[in-house]
Amino acid sequence: SIPVLTIDGPSGSGKGTISRLVAQRLGWHYLDSGALYRAVGVAAGWADLDLADPAALVRCAFDTRIGFRDDEAGELRVLVNEQDATDELRTETAGAAASAIAAIPEVRAALKDRQRAFRQPPGLVADGRDMGTVIFPDAPFKVFLTASADERAERRYKQLKDKGVSVTLDGLLREILARDARDAQRAVAPLRPAEDAVRIDTTGLGIDTVVEQVLALLPA
Ligand code: C5P
């Protein structure tokens, strides 16, 4: 079957960066599953949906068109209902909306097939919270990335600042901790490592080091 490498972990653990680089090195496809939840959250906001109305959100999860494409600079752009929403998706507001709707079991179910459809030859690197536990439990390669909360907040802070988003480190730390707590404590697909996942603590490690550690898990 088509190989999958799952990379799960909390926000700021380095998942996104590491997953993209590893996928590039392998020449495999890349799934940013968080972007799907963020896209549905943002589309729900555009449509003025009530975050307390599960039925409307589930419909939104089915109906929202989500597209990915690389721009000229090689950056991944995300289109939500044909609109480029890349910058809006990156904000912590979108992250919080994603986390809220991601706690609804029917929303998760609605996005399941879309995620599995990314499993195409020659292989897939899947980045998220439940890639190794729920979406691709049969994946032959599984990684769980962690890092200290301070370092995760700092990485997110730098990313957002580079994009020109104004945030404070303190506020970001609080928001990230709240989101992680909700992701870890929700009833459906809580954030946790798959039993057969290799755990890597990326605190103090450079990107290249982590990329090499992950690639070392795959046969040469
Ligand atoms: O990874 P990212 O920060 O983009 O994810 C945004 C939110 O989407 C997470 O906080 C989480 O609640 C949700 N999510 C999820 N399952 C995934 C990916 C993301 O529940 N596989």
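Per chain, residues are indexed from 1 in the order of the written sequence. Since the coordinates come from a predicted model, pLDDT governs what is reported: local features require at least 70, and pairs of side-chain atoms require 80 or more to be given and counted, while whole-chain, interface and lining totals use all residues. Note that water and hydrogens are dropped before the side-chain values are worked out from all heavy atoms of the structure.

(A) Representation of the confidence of the model for the protein in the model. Every residue is assigned a pLDDT by the predictor, reflecting its confidence on a scale from 0 to 100. Per-residue pLDDT for the protein averages 93, and the proportion of residues at 70 or more is 100%. Here the complex is predicted with pTM 0.93, and the ipTM for its interfaces comes to 0.97.

(B) Region of the structure containing the packing of aromatic side chains. Ring pairs are drawn from Phe, Tyr and Trp, using the six-membered ring of Trp, whenever the two centres fall within 6.5 Å, and their geometry is named by plane angle: stacked under 30 degrees, edge-to-face over 60, tilted for the rest. This model, assessed by the stated rule, comprises one aromatic pair. On the basis of an interplanar angle of 80° and a centroid distance of 5.9 Å, the ring pair of Phe68 and Phe118 is categorised as edge-to-face. With Phe68 in strand β3 (residues 66-70) and Phe118 in the loop between α6 (105-116) and β6 (124-128), this pair connects stretches of sequence that are 50 residues apart. Buried, partly exposed and exposed residues are distinguished by accessible area as a fraction of the type maximum, computed with a 1.4 Å probe on protein chains only: under 20%, between the cut-offs, and over 50%, respectively. Using a relative accessible area of 26% as the deciding quantity, one classes Phe68 as partly exposed. Using a relative accessible area of 23% as the deciding quantity, one classes Phe118 as partly exposed. Helix and strand labels come from DSSP, where a helix needs a run of H or I of at least four residues and a strand needs a run of E of at least two; each type is numbered from the N terminus.

(C) Representation of the pairing of β6. Here β6 lies mainly inside the structure; five of its five residues are buried. Burial along β6 is two-sided: Leu124, Ala126 and Gly128 facing one way and Val125 and Asp127 facing the other are all buried. Taken together, the four bridges between strand β2 (residues 29-32) and β6 define a ladder with parallel strand orientation. Looking at β6, one finds that Leu31 is bridged to Ala126. Two strands pair under a simple rule: DSSP has to find at least two bridges between them.

(D) Spatial organisation of unusual backbone geometry. In this structure, Pro122 follows Pro121 across a cis peptide bond, with omega equal to 5°. Assignment of secondary structure puts Pro122 in the loop between α6 and β6. Its identity is not glycine, yet Asp48 carries a phi of approximately 60°, on the positive side. If you trace the backbone, Asp48 turns up in the loop between α2 (33-46) and α3 (54-63). Positioned with a positive phi, Ala189 is a non-glycine residue whose angle comes to about 45°.

(E) View of the pattern of salt bridges. Only one rule defines a salt bridge in this text: a Lys or Arg side-chain nitrogen within 4 Å of an Asp or Glu carboxyl oxygen. Counting across every chain of the model gives 14 salt bridges. Notably, a salt bridge pairs Arg65 with Glu82, separated by 3.0 Å at the nearest N-O pair. Placement of Arg65 in the loop between α3 and β3 and of Glu82 in the loop between β4 (76-80) and β5 (83-84) is noted, with a sequence separation of 17 residues between them. Taking the relative accessible area as the measure of exposure, Glu82 reaches 55% and is therefore exposed. The salt bridge involving Asp183 is made with Arg186; its shortest N-O contact spans 3.5 Å. The same class applies to Asp183 as to Arg186, namely buried.

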